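# Residue-level structure breakdown
Single-letter residue listing:
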Amino acid sequence: MFSWPNNYDSCFTISGEITREGIGLHSGEKTKVRLKTFDQEGYFVSFSNKPDQIYKLDQSLIGSTMLCTAVKLGERNLYTIEHLLSSLAGCGMSYIHIEVDGKEIPLLDGSAIQWVNAFEEVGIKRVPKPSNFMREINESKVFNQDNSVIALTPSKKLTIISTIDFQYEAIGKQTFIIDLTPKCFVEMIAPARTFGFKDQFQELSELGLIKGGSLENALVCDGDKWVNPPLRFANEPVRHKILDLIGDLALVGLPKAQIIVYKGSHSLNALLASSLKI
Ligand SMILES: [Zn+2]
């Protein structure tokens, strides 16, 4: 039985190659990803039709944060990277090459658990710690967008406190607090799926967005009930918000800090991440 560590004292990479394919949330097209170990720290991307052009992922490449996180790589965009990045950062992994056949990372089941299971299948091995791995923080920060707030204060470990507040009764107010470790990430955060709203689903479909959205890759909320229960956790939505936050901080390195977020979003997370860029 594979056992994830209870602290971020070590950094890991994968011991073998991983291939996963599935539908892209936005394009609705089939997309394929191959993960390999890389000889430099960080996360690197190439497209399978141009294998020699390898990009190092960097916070300054983050483009669109509407409905997903995308990076601009030369003339191309790569969409929906946040759940894969969350699985890598949450598990304490680096030295990774992501080869993409398509323009999106497949959504799989809408959570990060299938990536985690893939790491477990091929095994992991220890590598030197990257310069931004569990980095020390020496000043507090706070950002807001209207009444959404994200605040960070230095700490000896990474603690995330997230609260969401939706008018839909099935979600309502939820708070989750976690002292993050790879083990806690895998057990409590990685399985939490993305969620959407039945009334917005139609609107977005008419705009040609979320062509690949389905009941297989997102929890769908319809007022006071869920269209596709059961939930994996009673508070699966707030746990998924933490999953997204971890993915959005992956490119600057997870900090030793207490992060408190109220009504978080990718764009709010990006404000914090940009301020932490070394
Ligand atoms: Zn998400």
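Our subject in this report is the structure included herewith.

The next thing to look at is the layout of surface pockets. Of the voids in this model, the largest pocket is the one considered here, and its volume is about 1000 Å³. Lining the largest pocket are 41 residues; nearest its centre among them are Leu 67, Thr 194, Phe 195, Phe 197 and Lys 241. The set of elements that each furnish at least two residues to the lining of the largest pocket consists of α1 (82-90), β12 (159-165), β14 (195-197), α4 (198-206), α5 (236-249) and α6 (266-276). In terms of residue count, the dominant contributor to the lining of the largest pocket is α5 (five residues). Its volume calculated, the second largest pocket comes out at about 410 Å³.

Moving on: the packing of aromatic side chains. Per the counting criterion, the structure on display carries seven aromatic pairs. A ring pair is formed by Tyr 168 and Phe 197, whose centres lie 4.4 Å apart and whose planes are at 15°; its orientation type is stacked. In this pair, Tyr 168 sits in the loop between β12 and β13 (173-179) while Phe 197 sits in strand β14, placing the two residues 29 residues apart along the sequence. Taken together, the aromatic side chains of Phe 166, Tyr 168, Phe 195 and Phe 197 make up a single cluster linked through ring pairs.

Bringing the coordination of the zinc ion into the picture now. For the zinc ion, the full set of protein donor atoms is His 83 (NE2), His 240 (NE2), Asp 244 (OD) and Asp 244 (OD), at a range of 2.1 to 2.7 Å. Classification of the site at the zinc ion as irregular follows from its four donor atoms and the range of 53 to 150° in their angles at the metal. Going along the chain, you hit the donors of the zinc ion in the pattern H-x156-H-x3-D. A residue pair is termed long-range when its members are at least 10 positions apart, and His 83 in helix α1 and His 240 in helix α5 qualify at 157 residues. Residues His 83 and His 240 agree in their burial class; the two are buried.

So, how was this worked out
Residues numbered from 1 in each chain as written. Predicted model: local features only at pLDDT ≥ 70, side-chain atom pairs only at ≥ 80, totals over all residues. Heavy atoms only, no water. 1 Å grid on protein atoms, 1.4 Å probe; cavity = no way out; pocket = protein on both sides within 12 Å on 5 of 7 lines; lining within 4 Å. Points joined across faces, edges and corners; volume = space filled by probe spheres on them. Helix = DSSP H or I, 4+ residues; strand = E, 2+ residues; numbered from the N terminus. Phe/Tyr/Trp six-rings, centres within 6.5 Å; stacked < 30°, edge-to-face > 60°. Donors = N, O, S within 2.8 Å, 3.2 Å for Na, K, Ca; no water. Tetrahedral: all angles 85-135°; square planar, octahedral: opposite > 155°, others 65-115°. Buried < 20%, exposed > 50% of the residue type's maximum accessible area, 1.4 Å probe, protein only.

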